[in-house]
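Commentary on secondary and tertiary structure
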Amino acid sequence: FTNITVSEMPKSPVAAFSSNVTDGYAPLTVQFTDLSANAAEWNWNFGDGETSTVQNPAHTYSTAGEYNATLTVANANGTGSSSSTITAFEPVLPAAAFSSNTTSGNAPLTVQFTDLSENAAKWNWDFGEGNSSSEQSPANTYYTPGNYTTILTVANANGTDSKFTNITVSEMPKSPVAAFSSNVTDGYAPLTVQFMDLSENAEECNWNFGDETASSEQNPVHTYSVAGNYTVSLTVNNEDGQSTETGSIAVNENP
């Protein structure tokens, strides 16, 4: 008889791998997963000058470009290789921009801001008077007169950018309110009356004493020489408007 020895067929390694991503923005971190058969050694060449002998390495591509990642596996019977292309894009930075429905007005002033930014993932508004917002297109009310710098800062994974504008808030217009008093409202002719202006927010005074005479003094004195009933009017003005107040003076004949 004779013995026949049959050996197992040599198993050469077969390289194979996958990656969690094949493209993205630099810096791009890629997790490589070995799927090879019959491998005893692993040699990775990531295509950017970096290598590894770890079976399942992670690698970061810091610079934009197209890279050929190669895995070479080996055992006692030989080697095998497999390749894949990894593309790292230039980072896209955000560009801040916005508009507002107004940049000035009287307090309380409500301003609607509209985001016009590009490539933004986050928004941070500083309205310049202590208030802030993370909304994309917020509205803000300025209650106190002043000059405010509103800043929008936008961000994404690659960086930040800012844009600002000035908001001018003026004091609320104050219309004039006419009012006056007099030391007497009746008496015998000739009757001398001291008028006192009690108006608010007035810049100009115009008196009509009802006897075809007038004055622009603030606190005039007027003498009624003839008996009668007179309607006195005070009209006051400022740049925001005018107001009129009337009163009566009764002048009697001497007994």
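Refer to the preceding data block for the structure.
So, how was this worked out
- Residues numbered from 1 in each chain as written.
- Predicted model: local features only at pLDDT ≥ 70, side-chain atom pairs only at ≥ 80, totals over all residues.
- Heavy atoms only, no water.
- Patch = residues over 30% accessible without salt bridge, like charges linked within 9 Å, V, L, I, M, F, W, Y side chains within 5 Å.
- Areas by Shrake-Rupley, 256 points an atom, 1.4 Å probe, with all protein chains shown as cover.
- Salt bridge = Lys/Arg side-chain N within 4 Å of Asp/Glu carboxyl O.
- Lys, Arg positive; Asp, Glu negative; His and termini not counted.
- Charge placed at Lys NZ, Arg CZ, Asp CG, Glu CD.
- Helix = DSSP H or I, 4+ residues; strand = E, 2+ residues; numbered from the N terminus.
- Phe/Tyr/Trp six-rings, centres within 6.5 Å; stacked < 30°, edge-to-face > 60°.
- Buried < 20%, exposed > 50% of the residue type's maximum accessible area, 1.4 Å probe, protein only.
- Pairing = 2+ DSSP bridges.
- Polar contact = N/O pair within 3.5 Å; in protein donor to acceptor, adjacent residues only side chain to side chain.
- Contact = heavy atoms within 4.5 Å.

Let's talk about a negative patch on the surface
Residues Glu203, Glu204, Glu239 and Asp240 make up a contiguous surface patch of negative charge. You can see Glu203 is positioned in the loop between strand S19 (191-197) and strand S20 (204-208).

A few points about the packing of aromatic side chains
Evaluated as defined, the whole model comprises 19 aromatic pairs. Consider the rings of Phe195 and Trp207, whose centres lie 5.4 Å apart with planes at 40 degrees: the pair is tilted. You can see Phe195 sitting in strand S19 and its partner Trp207 sitting in strand S20, a full twelve residues away along the chain. In terms of burial, Phe195 and Trp207 fall into one category: buried. Grouped by ring-pair contacts, the aromatic residues Phe17, Phe32, Trp44 and Phe46 constitute a single cluster.

Considering the pairing of strand S7 (residues 65-75)
Inspection of the sheet shows strand S4 (residues 41-45) paired to S7 by five bridges, in the antiparallel sense. Across the sheet, Asn45 pairs through a bridge with Thr70, a residue of S7. Counting the residues that bridge the hairpin from S7 to strand S8 (residues 78-89) gives two residues.

Here we look at the side chain of Asn156
Residue position: Asn156 is located in strand S15 (residues 146-156). Here Asn119 takes part through its backbone oxygen, which lies 2.9 Å from a polar atom of the side chain of Asn156. Among residues more than four places away in sequence, those in contact with Asn156 are Val92, Leu93, Pro94, Asn119 and Ala121.

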